[in-house]
Amino acid sequence: ANYVFLSKNKIQPYITAKLGYAELSSSFMVEDPRDPEACRVLESETIHSDGTLYWGYGIGFRWNVGNNTNKSRNFIDFSITNTNGNNVDYVNINHLQDHNAPPTPTDDTKPINVVFVNASNQNLHQHRIAELYTNPFSVFQIKIGYVAYLRLKRR
């Protein structure tokens, strides 16, 4: 929601408020390992998702780029917003762990396990392939854009 001040002027400042839901997901492939125990991954693609309610606020201004400020509906828009939400779990794909690596004792993470099968004896078992990290949802945004209002004529 935006509240525009001085809507008849060439420069139109506004305040904005946001409320919504954000769904975050990550997908990554597990390569088929060729280890001595002949383990094979059953599902190679792993997807994790988590979501949160979010709220935000911001300020901005629209610059009316039309010739007639009362009838022109074309603007250059500049805004700064801050958006926050609850904690979300995510996979740091830049820090994927070897599935045989022991977990570090100081980690505050949750493991992501994937089911593997031993090709020689068909036993199912799990390997830890990554960790879930938890942080608050937070987005700071600086935006420059173009806004055009479409006005349809009624008969």
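This report concerns the structure included in the present document. (Residues numbered from 1 in each chain as written. Predicted model: local features only at pLDDT ≥ 70, side-chain atom pairs only at ≥ 80, totals over all residues. Heavy atoms only, no water.)

Glancing now at the overall build of the protein chain. Helix and strand content of the protein chain: zero helices and seven strands. Starting at the N terminus and walking to the C terminus, you meet the elements of the protein chain as β-β-β-β-β-β-β. A buried classification covers 29% of the 155 residues belonging to the protein chain. Considering only contacts in the protein chain between residues 6 or more positions apart, those separated by 24 or more positions represent 68%. Summing over all exposed atoms, the protein chain offers an accessible surface of approximately 11,100 Å²; the carbon and sulfur share of this is 54%. (Helix = DSSP H or I, 4+ residues; strand = E, 2+ residues; numbered from the N terminus. Buried < 20%, exposed > 50% of the residue type's maximum accessible area, 1.4 Å probe, protein only. Contact = heavy atoms within 4.5 Å. Areas by Shrake-Rupley, 256 points an atom, 1.4 Å probe, with all protein chains shown as cover.)

Here we come to unusual backbone geometry. In the Ramachandran plot, Leu6 falls in the positive-phi region, its phi being about 55 degrees despite a non-glycine side chain. As for its placement among the helices and strands, Leu6 is situated in the loop between β1 (2-4) and β2 (11-29). In this structure Leu6 comes out as exposed when scored by relative accessible area, which is 54%.

Here we take up the pairing of strand β7 (residues 124-148). Side-chain direction in a regular strand flips from residue to residue, so the side chains alternate between the two faces of the sheet. As defined by bridge partners, strand β5 (residues 74-91) adjoins β7 across 16 bridges and the pair is classed as antiparallel. Along β7, the bridge assignment pairs Ile80 with Ile142. When strand β6 (residues 110-118) meets β7, the two strands line up antiparallel, connected through eight bridges. Paired with Val117 across the two strands is Leu124, which belongs to β7. Between the end of β6 and the start of β7, which pair antiparallel, lie five residues, with Gln122 showing a positive phi angle near 65 degrees. (Pairing = 2+ DSSP bridges.)

Attention now goes to the packing of aromatic side chains. According to the stated counting rule, one finds four aromatic pairs in the structure shown. Arranged with centres 5.6 Å apart and planes meeting at 40 degrees, the rings of Phe61 and Phe78 form a pair that is tilted. Pair noted here: Phe61 is in strand β4 (residues 45-64) and Phe78 is in strand β5, with a separation of 17 residues, a long-range link. Residue class for Phe61 comes out partly exposed when judged on its relative accessible area of 34%. Take Phe78: its relative accessible area is 28%, and that puts it in the partly exposed class. (Phe/Tyr/Trp six-rings, centres within 6.5 Å; stacked < 30°, edge-to-face > 60°.)

Residues Val91, Ile112, Val114, Phe116, Ile129, Ala130 and Leu132 constitute the largest nonpolar core, which totals seven residues. Listing elements by their share of this core, those giving two or more residues are β6 and β7. (Core = buried A, V, L, I, M, F, W, Y, C linked by side-chain atoms within 4.5 Å.)

Positionally, Thr81 belongs in strand β5. Residue Thr81 is classed as buried on the basis of its relative accessible area, which comes to 6%. Apart from residues lying up to four places away in sequence, Thr81 is in contact with Thr16, Lys18, Tyr57, Gly58, Val139, Phe140 and Gln141.

A word on a nonpolar patch on the surface. A cluster of nonpolar residues, Tyr3, Phe5, Leu6, Ile15, Ile59, Ile80, Phe140 and Ile142, forms a patch on the protein surface that exposes about 830 Å² of accessible area. Mapped onto the elements of the fold, Ile59 is located in strand β4. What makes Ile59 exposed here is its relative accessible area of 54%. (Patch = residues over 30% accessible without salt bridge, like charges linked within 9 Å, V, L, I, M, F, W, Y side chains within 5 Å. Salt bridge = Lys/Arg side-chain N within 4 Å of Asp/Glu carboxyl O.)

Position of Asn84 among the secondary structure elements: in strand β5. Along the primary structure Asn84 and Phe140 are separated by 56 residues, whereas in three dimensions their C-alpha atoms are 8.7 Å apart. If we skip the residues at most four places from it in the chain, Asn84 touches Leu53, Tyr54, Trp55, Phe137 and Ser138. Side chain to side chain, Asn84 and Ser138 meet in a polar contact 3.5 Å long. (Polar contact = N/O pair within 3.5 Å; in protein donor to acceptor, adjacent residues only side chain to side chain.)

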